[in-house]
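Observations on the model geometry
Below, each chain spelled out in residue letters.
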Amino acid sequence: MMISGAARLAGVAGWPISHSRSPAIHGYWLEAYDIDGAYVPLAIQPNDVEEAFRALPKLGFRGWNVTLPHKEAAFRAVDERSAAAERIGAVNTVTVREDGSLHGDNTDAYGFIANLDQRVPDWPKDRPALVLGAGGAARAACFALAEAGVANIRLANRTADRAKALAAEWPEHAEVVAWEDRAAAADGAGLVVNTTSLGMQGKAPLEMALDALPADAVVYDIVYVPLTTPLVHAAKVRGNRALDGLGMLLHQATPGFKRWFGRQPSVTEDLIQSIIKDIPQ
Ligand code: ATR
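The sections below set out a description of the structure shown in this document. (Residues numbered from 1 in each chain as written. Predicted model: local features only at pLDDT ≥ 70, side-chain atom pairs only at ≥ 80, totals over all residues. Heavy atoms only, no water.)

**What about the pairing of strand S1 (residues 8–14)?**
Put simply, the rule reads: Three labels apply to residues, based on accessible area from a 1.4 Å probe with only protein chains included: buried if under 20% of the type maximum, exposed if over 50%, partly exposed otherwise in between. Only runs of H or I of at least four residues qualify as helices and only runs of E of at least two qualify as strands under DSSP, and these elements are numbered from the N terminus. Only when DSSP finds a minimum of two bridges between them are two strands counted as paired. A crossover gets the label right-handed when its path from the first strand over the helix to the second runs clockwise, viewed with the strands pointing away from the viewer.
The buried fraction of S1 amounts to 5 of the 7 residues, a majority that puts the element mostly inside the structure. Across 7 bridges, the pairing between S1 and strand S2 (residues 37–43) is parallel. Opposite Ala10, over in S2, you have Tyr39 as the bridge partner. Following the chain from S1 across helix H1 (residues 22–32) to the adjacent parallel S2, one finds a crossover that is right-handed.

Encoded structure:
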């Protein structure tokens, strides 16, 4: 649609930013709901984050998403943070408040669980979840799973110390599993989550035998380029329900859209198809 002089403004801050799918996602919703608004890529160099975040409200921006490598800088740059942002230690959604101050949220955990709930409403919450990785994405997954009531999270990471540090933050929920023992740790699990970069385009696949995994368990790879990672493929071949990371990307975008543009957007099959077009299968 045409935008007017009164258009609401938002965007996504990152460096580089040209690969971001967020403008296409928000652009889809703006058009679908016929909203007078624009969502633009904001290429901000690492040294300029603080200054840019102070300038954007003055330029009329209502808020913006934050992607790599700025999520930790954004955490420091905002005036107030949500409980999720505090717990995850990173900000991916900034909203300008009435008084011009900046509110920082992290919607990755929400996106992670909203996608799982939408796609597999009966996912087994009452059994252990095996989480592979210990970076920012693993932190968001652990936060989401603990909030969803998963009592036992098994954490496996190549660098054991990172898994230990993460597990220490959820002492009642998380236990560390050696990276070499990840296949055995799938025994009895209701969910296996890959938050590592293994399986991404250009990276080695995640080597993970699924023999011990129960037939009704869900495999959730948060990688979405390609959509069907070797892990997702292997899970589907043996009949497990398997999810790619695209849904998480779409769901994590919804809270920001609602705040900036005033309407709760839906993650529909039509949206998924329109974004999938540009993603290698
Ligand atoms: P993010 O914040 O996006 O999760 P990250 O902090 O770089 O990214 O974490 C990437 C994850 O992929 C880490 O768990 C990393 O393991 P290490 O902590 O040992 O680095 C994991 N990873 C990356 N390459 C890997 C590989 N070749 N084998 C096993 N794990 C790997």
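**A word on the site of the ligand**
Spelled out, the test is: In this text, near means that some heavy atom of the residue lies within 4 Å of the molecule or strand in question. Whenever a nitrogen or oxygen atom comes within 3.5 Å of another N or O atom, the pair is scored as a polar contact, on the condition that within protein one atom can donate a hydrogen and the other can accept it, and that pairs from neighbouring residues in sequence are kept only if both atoms are in side chains. The method behind every accessible area is Shrake-Rupley, applied with a 1.4 Å probe, and residues are considered shielded solely by the protein chains displayed. Gly is put with the polar residues, along with every residue not named as nonpolar or charged; the nonpolar set is Ala, Val, Leu, Ile, Met, Phe, Trp, Tyr, Cys and Pro, and the charged set is Asp, Glu, Lys and Arg.
Residues in close proximity to the ligand total 13 residues, the closest being Gly136, Asn157, Arg158, Thr159 and Arg162. Between the ligand and Ala134, the relevant distance is 3.0 Å, taken from an oxygen atom to a main-chain nitrogen or oxygen of the residue. Between the ligand and the protein, one listed contact pairs an oxygen atom with a backbone N or O atom of Gly136 at 2.8 Å. For the ligand, whose unbound accessible area comes to 640 Å², protein coverage reaches 68%. Of the residues that constitute the shell around the ligand, the class distribution is 4 nonpolar, 7 polar and 2 charged.

**A look at the packing of H1 against helix H11 (residues 269–276)**
Formally: Inter-axis angles, ranging from 0 to 180 degrees, are taken between N-to-C directions of lines fitted to C-alpha atoms, where helices are fitted over the stretch in contact. When describing relative orientation, an angle under 35 degrees is termed roughly parallel and one over 145 degrees roughly antiparallel, while 65 to 115 degrees is termed roughly perpendicular and anything else oblique. For any pair of crossing helices, the crossing counts as left-handed if the nearer helix is rotated counterclockwise from the farther one by less than a right angle, and right-handed if it is rotated clockwise. Residue contacts are defined here by distance: any two heavy atoms, one from each residue, within 4.5 Å place the two residues in contact.
Between H1 and H11, the least distance of the axes is 10 Å, while the angle of their chain directions is 140 degrees. Put simply, H1 runs oblique to H11. Once H1 is placed against H11, the crossing between them reads as right-handed. Counting all contacts with H1, which are made through Ala24, Ile25, Tyr28 and Trp29, the residues of H11 involved are Asp270, Leu271, Ser274 and Ile275. Classifying every residue of the contact of H1 with H11 gives 6 nonpolar, 1 polar and 1 charged.

**Some points on the sheet that holds strand S12 (residues 241–243)**
Judged by pairing direction, the sheet is parallel, and its 6 strands sit side by side in the order S9-S8-S7-S10-S11-S12 without closing on themselves. The sheet terminates laterally at strand S9 (174–178) and S12, the two strands that pair on one side only. Averaged over all pairs of adjacent strands, the angle between strand axes in this sheet comes to 20 degrees, irrespective of strand direction. The pairing of strand S10 (residues 191–194) with strand S11 (residues 218–221) spans 4 bridges and is classified as parallel. Bridged to Val192 within S11 is Val219. Sitting on the sheet, helix H6 (residues 136–147) is in contact with strand S7 (129–132), strand S8 (153–157) and S10, with an inclination near 175 degrees to S8.

**Topic: the pattern of salt bridges**
When the charged atoms of two side chains with opposite charge come close together, those side chains can pair. For clarity, the cut-off: Criterion for a salt bridge: a side-chain nitrogen of Lys or Arg within 4 Å of a carboxyl oxygen of Asp or Glu.
This model, assessed by the stated rule, comprises 10 salt bridges. Two residues, Glu50 and Arg54, come together in a salt bridge whose shortest N-O distance is 4.0 Å. In this pair, Glu50 and Arg54 both sit in helix H2 (residues 49–58), 4 residues apart, roughly one turn of the helix. Its relative accessible area of 44% is what places Glu50 among the partly exposed residues. Taking relative accessible area as the criterion, Arg54 reaches 34% and is therefore assigned partly exposed. Where Lys164 meets Asp161, a salt bridge forms, and the shortest distance between an N and an O atom there is 3.8 Å. Residue Lys164 and its partner Asp161 are both found in helix H7 (residues 160–167); the two are separated by 3 residues, about one turn of the helix. Looking at Asp161, the relative accessible area reads 56%, which means it is exposed. Linked by salt bridges that have partners in common, Glu50, Arg54 and Asp79 make up one network.

**Section: the packing of helix H5 (residues 108–119) against H6**
H6 packs onto H5 with a crossing angle of 60 degrees between their chain directions and a minimal axis gap of 8 Å. One finds that H5 runs oblique with respect to H6. Crossing of H5 against H6: the hand is right-handed. From H5, Asp108, Ala109, Phe112 and Ile113 reach across to H6, where they touch Ala140, Ala141, Phe143, Ala144 and Leu145. Residues belonging to the contact of H5 with H6 are distributed by class as follows: 8 nonpolar, no polar and 1 charged.

**Some thoughts on the side chain of Arg182**
For clarity, the cut-off: We treat Lys and Arg as the positive residues and Asp and Glu as the negative residues; His and chain ends play no part in the count.
Of note, Arg182 is situated in the loop between S9 and S10. One buried charged side chain, Arg182, makes no salt bridge at all; its nearest oppositely charged neighbour is Glu180, positioned 6.1 Å away. Contact partners of Arg182, with chain neighbours within four places excluded, come to Leu130, Leu132, Ala156, Val177, Leu206, Glu207 and Met208.

Honestly, it's all geometry; don't read function into it.
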